[in-house]
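A closer look at the structure
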Amino acid sequence: MNRRDAAASGTAACRGVAAHRPRVPALRACAAVGLAVGLIAPVPLRGQARYSGPAVVPPPSAYVGDPSDVVPGHLSRWELEPSASRTLTVRFESPPEDRPDFWQPASRALDVWNTVGGLPVTFRPAAGVEPAEVEFRWTHHFDESHAGTTDWTTDGEGWLRSVTVTLAARHVDGTPMSDEFLLLVALHELGHALGLPHSDDPSDVMHPGNRNRRLSERDVQSVLRLYEAIATREDNQ
Ligand SMILES: [Zn+2]
């Protein structure tokens, strides 16, 4: 099965949870009254701001479900057997002639994911002609407003077998992608290479319009949950 995902290069739509703002005007009114009263009689004053809007519900700590909810085939990821950890080899195709350092941001993105403590899957650049599980390719630009895509293949059980990440060297209007933007896109696509789905929170790297150069706590917890599920399942076998 070959699926495709694309990260949009346009401005991310704001779909975050609106922040709860207390009713500041009411609070200010209380304070003003309190000050006036205080000038007359030094009695203790109490202010109270009441919020009658909907309850503020903190977002879940991860966008991948509890390990017990994650079943093989539901979310594709890398099989860890026979050992409890796995190093994925990564190959970068030759960079564009006019940009020999094109892959530097993607290399930095590998390092970012490799710093997730406790994650049993890490990336390593392939040496020589060694087979690679993750291939990085580039294209001049995508016809749509995409900056990167991730294609992957899985076996019959849903385990990832190969991943190809394609990064655009230029925006659809011909403007070169900045190193900063290439990093943002590579970070996001590598999350898919690990098996992560999209997040609907713009503060996560796995939001489709990622603008974060660091993994959020939710990114970290989500990928740990993804692979914790395998460890739990294998421990029980
Ligand atoms: Zn994506």
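Presented here is a report on the structure given in the accompanying data block. (Residues numbered from 1 in each chain as written. Predicted model: local features only at pLDDT ≥ 70, side-chain atom pairs only at ≥ 80, totals over all residues.)

1. Topic: the overall build of the chain
Formally: Counting from the N terminus, the helices are DSSP H or I runs at least four residues long and the strands are E runs at least two residues long. The exposure label follows from counting other C-beta atoms within 10 Å of a residue's C-beta, where the C-beta atoms are placed from the backbone and the thresholds are 20 or more for buried and 12 or fewer for exposed, leaving partly exposed in between. We call two residues in contact when their backbone-placed C-beta atoms lie within 7 Å.
Scanning the chain for helices and strands turns up four helices and six strands. Taken from N to C terminus, the helices and strands of the chain fall in the order β-α-β-α-β-β-β-β-α-α. Burial analysis of the chain (237 residues in total) assigns 29% to the buried set. Considering only intrachain contacts with a sequence separation of at least 6, the fraction spanning at least 24 residues in the chain is 72%.

2. Considerations on the environment of P60
For P60, the position within the fold is in the loop between α1 (24-40) and β2 (86-92). Judged by the 13 C-beta atoms lying within 10 Å of it, P60 is partly exposed. Once the C-alpha coordinates of P60 and R218 are considered, the two residues, 158 residues apart in sequence, prove to be 8.2 Å apart.

3. Focus: the pairing of strand β6 (residues 160-168)
The side chains of a regular strand alternate between the sheet's two faces. The line we're drawing: Pairing between two strands is assigned when DSSP locates at least 2 bridges connecting them.
Burial of β6 is extensive: seven of the nine residues sit out of reach of the surface. As paired elements, strand β4 (residues 134-139) and β6 share six bridges and run parallel to each other. What sits directly across from V134, in β6, is V163. Of the pairings in the sheet, the one linking strand β5 (residues 146-154) to β6 comprises seven bridges and is antiparallel in character. Of the residues in β6, the one forming a bridge with D151 is T164. Counted along the chain from β5 to the antiparallel partner β6, the turn is five residues long, and its residue G158 has a positive phi close to 95°.

4. Observations concerning the packing of helix α2 (residues 104-114) against helix α3 (residues 179-194)
Under the convention used in this document: The convention used is that axes are lines fitted to C-alpha atoms, helices contributing only their stretch in contact, and that angles between N-to-C directions extend from 0 to 180 degrees. Reported orientations rely on four angle classes, namely roughly parallel under 35 degrees, roughly antiparallel over 145, roughly perpendicular from 65 to 115, and oblique for the rest. Crossing handedness is defined as follows: a turn of the near helix away from the far one that is anticlockwise and smaller than a right angle gives a left-handed crossing, while the clockwise case is right-handed.
α3 packs onto α2 with a crossing angle of 45° between their chain directions and a minimal axis gap of 8 Å. By the angle class used here, α2 and α3 are oblique. Here α2 runs over α3; the crossing is right-handed. Contacts between α2 and α3 pair Q104, P105, A106, R108, A109, L110, V112 and W113 from the former with D179, L182, L183, A186, L187 and L190 from the latter.

5. Topic: α2
The criterion, for reference: By arc we mean the arc of the directions from the helix axis to the C-beta atoms, nothing more.
Taken together, the buried positions of α2 are P105, A106, A109, L110 and W113. Viewed along the axis of α2, the buried residues span an arc of 150°, placing them on a single side of the element. Contacts from the buried residues of α2 go to β2, β3 (121-125), β4, β6 and α3.

6. Comments concerning the pairing of β4
With burial as the criterion, only one face of β4 is covered, namely that bearing V134, F136 and W138; the residues E135, R137 and T139 on the opposite face remain uncovered. Of the strand pairs in this sheet, β2 and β4 are connected by three bridges, and their pairing is parallel. For R91, the partnering residue across the bridge sits in β4 and is E135.

7. Considering the nonpolar core
The following threshold applies: Core membership is restricted to buried Ala, Val, Leu, Ile, Met, Phe, Trp, Tyr and Cys residues, and these are joined into a nonpolar core through C-beta atoms within 7 Å.
With 41 residues, the main nonpolar core has A106, A109, L167, A186 and L190 as its most contacted residues. Beyond its immediate stretch of four places on either side in the chain, A109 contacts L183, A186, L187 and L190.

8. Some words on α3
Defined as follows: A helix is expected to span 1.5 Å for every residue after the first.
Compared with the 22 Å implied by 1.5 Å per residue over 16 residues, the 22 Å span of α3 between its first and last C-alpha is a close match. The element α3 is extensively covered by neighbouring structure, given that 13 of its 16 residues are classed as buried.

9. Brief notes about the environment of D179
When you line up the elements, D179 lands in helix α3. Classification of D179 by C-beta neighbours within 10 Å gives partly exposed; the count is 14. C-alpha separation for the pair D179 and D101, spaced 78 residues apart in sequence, amounts to 9.3 Å. Beyond its immediate sequence surroundings of up to four residues, D179 is in contact with Q104 and P105.

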